[in-house]
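# Report on the structure
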Amino acid sequence: MSELEKWNTSGRALSRNQESRRYDQALDRVKQEARLAKLEQDATAALAVNGMDRMADIDQTRQHYSQQHPDLAPVLVQIELAAAEKFRRSVIGFGE
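Residues numbered from 1 in each chain as written. Predicted model: local features only at pLDDT ≥ 70, side-chain atom pairs only at ≥ 80, totals over all residues. Heavy atoms only, no water.

Right, let's talk about the overall build of the chain for a bit. Scanning the chain from terminus to terminus reveals 2 helices and 0 strands. By the burial criterion, 7% of the 96 residues in the chain qualify as buried. As displayed, the chain offers around 8100 Å² of accessible surface, 58% of which is attributable to carbon and sulfur atoms. (Helix = DSSP H or I, 4+ residues; strand = E, 2+ residues; numbered from the N terminus. Buried < 20%, exposed > 50% of the residue type's maximum accessible area, 1.4 Å probe, protein only. Areas by Shrake-Rupley, 256 points an atom, 1.4 Å probe, with all protein chains shown as cover.)

In the structure shown here, the tally under the stated rule is 6 salt bridges. Here D42 ties to K38 by a salt bridge, and the two come within 2.8 Å at their closest N and O atoms. A residue pair is termed a helical-turn pair when its members lie 3 or 4 positions apart in one helix, as D42 and K38 do in helix 1 (residues 3–68) at 4 residues. Using a relative accessible area of 41% as the deciding quantity, one classes D42 as partly exposed. Notably, a salt bridge pairs R62 with E80, separated by 2.2 Å at the nearest N-O pair. Highlighted residues: R62 in helix 1 and E80 in helix 2 (residues 73–93), separated in sequence by 18 residues. Since its relative accessible area comes to 19%, R62 is described here as buried. Overall, E80 belongs to the buried group, its relative accessible area being 12%. In the salt-bridge network here, residues are joined through shared partners; they are D59, R62 and E80. (Salt bridge = Lys/Arg side-chain N within 4 Å of Asp/Glu carboxyl O.)

The next thing to look at is helix 2. Compared with the 30 Å implied by 1.5 Å per residue over 21 residues, the 30 Å span of helix 2 between its first and last C-alpha is a close match. Just downstream of helix 2, G95 is the residue with a positive phi angle, here 85°. (Expected span 1.5 Å × (residues − 1).)

Now the structure itself:
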């Protein structure tokens, strides 16, 4: 085999190895991005469920105090709505 044939053969092998490494690196990046996306989705869902549970608790507490003190009902509704808006913003802004 001539030197030119050896160089050509090894050059192609190197090229295939480089392509293989690039492919593996790209695949690793895609896998990592998918894992991070799933983690963010899981965290967002957990945040939403926790917030909804807390909002249900707040609503129940508001109803209880409104029955005990009807004159406070409008203020309690405003407090509950403010909490709901803050919760909504935190879920929407999560991960930004």
